[in-house]
2 protein chains.
Amino acid sequence: MNAIIGQSGGPTSVINASLAGVFGACRTHGAEKVYGMRHGVQGLLKEDLVDLSAALSAPDALDLLRRTPATFLGSCRYKLPKDDDAVYESLFDILKKYDIGYFFYIGGNDSMDTILKLSDYAAKIGSPIRFIGVPKTIDNDLTETDHTPGFGSAAKYIGTSIKELVRDSTIYDLKSVTIVEIMGRNAGWLTAAAALAKDEDCEGAAMICLPEVPFDPERFVAHVEKLQQSTPSLVIAVSEGIRAADGRYVCELGDNSLLVDAFGHKYLGGTARYLCSLLSAKLGVKTRAVELSTLQRCASHTASLTDITEAEAAGAAAVKAAYNGQTGMMIALKRVSSDPYRCESVPCDIHQIANLEKTVPLAWIDAENYQMREPFFDYARPLILDELPPVYVRGLPRHLRLKD
Amino acid sequence: MNAIIGQSGGPTSVINASLAGVFGACRTHGAEKVYGMRHGVQGLLKEDLVDLSAALSAPDALDLLRRTPATFLGSCRYKLPKDDDAVYESLFDILKKYDIGYFFYIGGNDSMDTILKLSDYAAKIGSPIRFIGVPKTIDNDLTETDHTPGFGSAAKYIGTSIKELVRDSTIYDLKSVTIVEIMGRNAGWLTAAAALAKDEDCEGAAMICLPEVPFDPERFVAHVEKLQQSTPSLVIAVSEGIRAADGRYVCELGDNSLLVDAFGHKYLGGTARYLCSLLSAKLGVKTRAVELSTLQRCASHTASLTDITEAEAAGAAAVKAAYNGQTGMMIALKRVSSDPYRCESVPCDIHQIANLEKTVPLAWIDAENYQMREPFFDYARPLILDELPPVYVRGLPRHLRLKD
């Protein structure tokens, strides 16, 4: 029997560490062949497969794979249809053709939906193929798992960047506000990670705005004004997804019908840029908008070793579960000890996970002072610990690339 | 006799390594006291000084200082007036009050102008104080020096980020263009560093647009269209300062009178965002604008050790020159060997440097194919070599902060 692995959804720094974990464990468990789907289920439907034993045959392949951001196998944003048996029949025909007994899918919420639908369909038709999901998302918004692989590395990048931006932004003897926009439409986990920057060597983010708390522009301006009485230069972390009490995204506030680009298209201004405009209009201070952009999800050069290790272990645990006869499961991380920190990989029924979203507990947010409370630090600090330094070639981190 | 050190202009990752170099060499050469100006000459005029021997007394202080981005002493953007003797009299009175014999200023073009004016004024009044500049700018636009400290680390960050963005941007089986906007108003050195990403493990930047070459929007769109026939996902590096043949900045092209923010202010759209609008209007492709923002000048966690070492050596060479009786000099880096790469620090007459700008030689640019030619690689590759890993505390790089 053979195994197949796919990757799906947005990149993280450690999704390839999970791939290394699944691949290594498949070999240990005696899978005859290990296939990779190119571009996830979308590629599988086109039989666009790769023999991973060949693709990962170089002596340093796994070592580089762990250090390579984004998805080695390519990705897709494809949601299986609800009631189109033809698609499922076609997929299972292909799986049969390649003698697949074990199906692993590394991804976020949509990918877990794929595992749910395929394992349900397998149960319906009595297929023995086992389907296991391996979690991955920088957003950290999956339920039933203490956290998701990918979050710790993004949090480490965000904490590092905020520290560097604080040093950069406070050098002049002037009033200024730097607003750093961080990913997260509904869950503020990544923006909360900006809080980790505060330490004896760093003032930290002066304010942190999460989507979990309705955003009040007037109170925001007043708080900036108050802080600047004693601290002229502020760095503020905001989630791209913060919304006013009426539910509108902050970047949609104001008369944005005016924000039109050179080609007449309506232009979504960006949360940080909107807030910079607001502060410069209300307080007349110098502002700068910094978007951490896609770098926050792919900066593998500063990944967390804790994250890499857990991502790889989750991949291996998925294989173990499948060979133990389990299916329709996602591997969750369970924090079994806080001091010393230790997480275990445990299989968890996919029906409890798919299509649900976990946000930051309100009790962890000090909304009045725009800061995070102690339980968040206890939760997040272990996840960013330790490093796996890049392999440098000609001064730059070396990656592993799948050749066409 | 005492020495004084200031830092001025925009941050780099290694300006504090130069501070460590000046400070260490001042102690070796027997300076009685070593003062730091807070916020450069602006702070000096207010006698806002710090005793560096006290500020750097902790056993790990110099080790952390080398790894701390931005300016430990604070910075200013202050240009000395041309003909206002009162300012010079006041400055020299303060220098006399603190028994200063040696004056070191670490900075870019404007800071070298300060060294020029102060040394000229000293000559005029017969003051024995020696004034030496230490170069610093990520822009690499100073003349008479092979390169400037700060450039190598920014180039390493840019090369690393482009590699990561290429992996991130090519995962979907879709046509897309990611445009990465890089600092540099007139000189394209930093944007050219995007070329370093190309290697056997990376497709590299598909196109590179420097301010040295007039930008033709039509030819740009046509080239993207041509490349996408064989490569659907492209990452393109553009300098913020690219200009059309008529001299207008690209971000000012089109009918930007329409680009107005929610408060009615005219909104400078950004070069990358303009080009994304252009491509999506003309080719209908998915685009994404990424601005490397101030992170490119302060990402000390991935600084080049070659850069740090040279920055510190330049600082030490400034002190040696001053104690040898020289004044009105900037320390230049002179490439004395290419293979193996080796640079020496040599004093150079400040009148040959201040207020001049060095751009990328046109012969190094393959404008037709939007790429860099081999001499650029030979020039830039040694500058990004090797690393000085951060000291990690609680998972984040530790910095040194001057306490108020």
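Quick note: structure is the one above.
Keep in mind it's a predicted model, so treat the numbers as computed, not measured.

Engineer: Got a sec to walk through the state of the cysteines? Specific residues and values, please.
Structural biologist: Scanning the model with the defined rule gives zero disulfides over all chains in all. Between Cys276 of chain A, a cysteine without a disulfide, and Cys209 of chain A, which holds the nearest cysteine sulfur, the sulfur-to-sulfur distance is 12 Å. We classify Cys276 of chain A as buried; its relative accessible area is 7%. Of all cysteine sulfurs in the structure, the one in Cys343 of chain B sits closest to Cys348 of chain B, which takes part in no disulfide; the separation is 13 Å. The exposure class assigned to Cys348 of chain B is buried, which follows from its relative accessible area of 10%.

Engineer: Can you break down the environment of Ala70 of chain B residue by residue, with the values?
Structural biologist: Residues and elements named next belong to chain B. By secondary structure assignment, the location of Ala70 is in the loop between α4 (61-65) and α5 (85-97). The exposure class of Ala70 is buried, given its relative accessible area of 1%. For the pair Ala70 and Lys403, spaced 333 residues apart in sequence, the C-alpha to C-alpha distance is 15 Å.

Engineer: How would you sum up the nonpolar core? Please name residues and give values.
Structural biologist: Grouped together as the largest cluster of nonpolar side chains are 86 residues, with contacts concentrated most on Ile162, Met372 and Phe376 of chain A together with Ile162, Met372 and Phe376 of chain B. Residues within four places of Ile162 of chain B in sequence aside, it is in contact with Val180, Ala194, Ala197, Ala205, Val235 and Ala237 of chain B. In terms of nonpolar packing, the next biggest core, distinct from the first, is built from 35 residues, Leu19, Ala25, Ile106 and Ala321 of chain A among them.

Engineer: Please provide a residue-by-residue account of helix α6 (residues 109-125) of chain B, values included.
Structural biologist: Residues and elements named next belong to chain B. Compared with an ideal rise of 1.5 Å per residue, which puts 17 residues at 24 Å, α6 spans 25 Å between its outermost C-alpha atoms and is within 8% of the ideal. Burial in α6 covers these residues: Asn109, Ser111, Met112, Asp113, Thr114, Ile115, Leu116, Lys117, Leu118, Ser119, Tyr121 and Ala122. Here the buried face of α6 lies against α2 (40-45), α5, β4 (100-107), β5 (130-135) and β10 (329-338). After α6 finishes, the residue Gly126 shows a positive phi value of roughly 75°.

Engineer: Give me the lowdown on the interface of chain B and chain A, citing residues and values where you can.
Structural biologist: Every contact between the two is made by 78 residues of chain B and, on the other side, 79 residues of chain A. Between chain B and chain A the total buried area reaches about 6,700 Å² when both faces are included, carbon and sulfur atoms providing 57% of it. Salt-bridge contacts for Arg398 of chain B lead to Glu200 of chain A; the nearest nitrogen and oxygen are separated by 3.4 Å. On inspection of chain B and its partner chain A, the count reaches 31 residue pairs in polar contact (both at pLDDT 80 or more). Elements represented by at least two residues in the side of chain B that touches chain A include exactly α7 (151-169), α10 (271-283), β9 (286-291), α11 (295-298) and β15 (396-397) of chain B.

Engineer: Can you lay out the sheet that holds strand β9 (residues 286-291) of chain A for me, pointing to particular residues and giving the numbers?
Structural biologist: Residue and element names in this part refer to chain A. Across the sheet, which stays open at both edges, the four strands sit in the order β7-β8-β6-β9 with parallel pairing between neighbours. The strands lining the two open edges of the sheet, one partner per strand, are β7 (207-209) and β9. Between one strand and the next, the sheet's axes are offset by a mean angle of 20°, whatever the strand orientation. Across six bridges, the pairing between strand β6 (residues 176-182) and β9 is parallel. By the bridge assignment for β9, Glu181 is matched with Glu291. Helix α10 (residues 271-283) contacts β6, β8 (233-239) and β9 of the sheet and is inclined by roughly 175° relative to β9.

Engineer: Pulling in residues and values, what's your account of the packing of helix α5 (residues 85-97) of chain A against helix α6 (residues 109-125) of chain A?
Structural biologist: All names here are of chain A. Between α5 and α6, the shortest axis-to-axis distance is 11 Å and the interhelical angle comes to 85°. Accordingly, the angle class assigned to the pair α5 and α6 is roughly perpendicular. Contacts between α5 and α6 involve Asp85, Tyr88, Glu89, Leu91 and Phe92 from the former and Lys117, Leu118, Tyr121, Ala122, Lys124 and Ile125 from the latter. Residue classes in the contact of α5 with α6 are distributed as seven nonpolar, no polar and four charged.

Calculation notes
- Residues numbered from 1 in each chain as written.
- Chains lettered and ligands numbered in written order.
- Predicted model: local features only at pLDDT ≥ 70, side-chain atom pairs only at ≥ 80, totals over all residues.
- Heavy atoms only, no water.
- Disulfide = S-S within 2.5 Å.
- Buried < 20%, exposed > 50% of the residue type's maximum accessible area, 1.4 Å probe, protein only.
- Helix = DSSP H or I, 4+ residues; strand = E, 2+ residues; numbered from the N terminus.
- Core = buried A, V, L, I, M, F, W, Y, C linked by side-chain atoms within 4.5 Å.
- Contact = heavy atoms within 4.5 Å.
- Expected span 1.5 Å × (residues − 1).
- Buried area = accessible area lost by both parts, 1.4 Å probe.
- Salt bridge = Lys/Arg side-chain N within 4 Å of Asp/Glu carboxyl O.
- Polar contact = N/O pair within 3.5 Å; in protein donor to acceptor, adjacent residues only side chain to side chain.
- Pairing = 2+ DSSP bridges.
- Axes fitted to C-alpha atoms, helices over the stretch in contact; angles between N-to-C directions.
- Parallel < 35°, antiparallel > 145°, perpendicular 65-115°, else oblique.
- Nonpolar A, V, L, I, M, F, W, Y, C, P; charged D, E, K, R; others polar.

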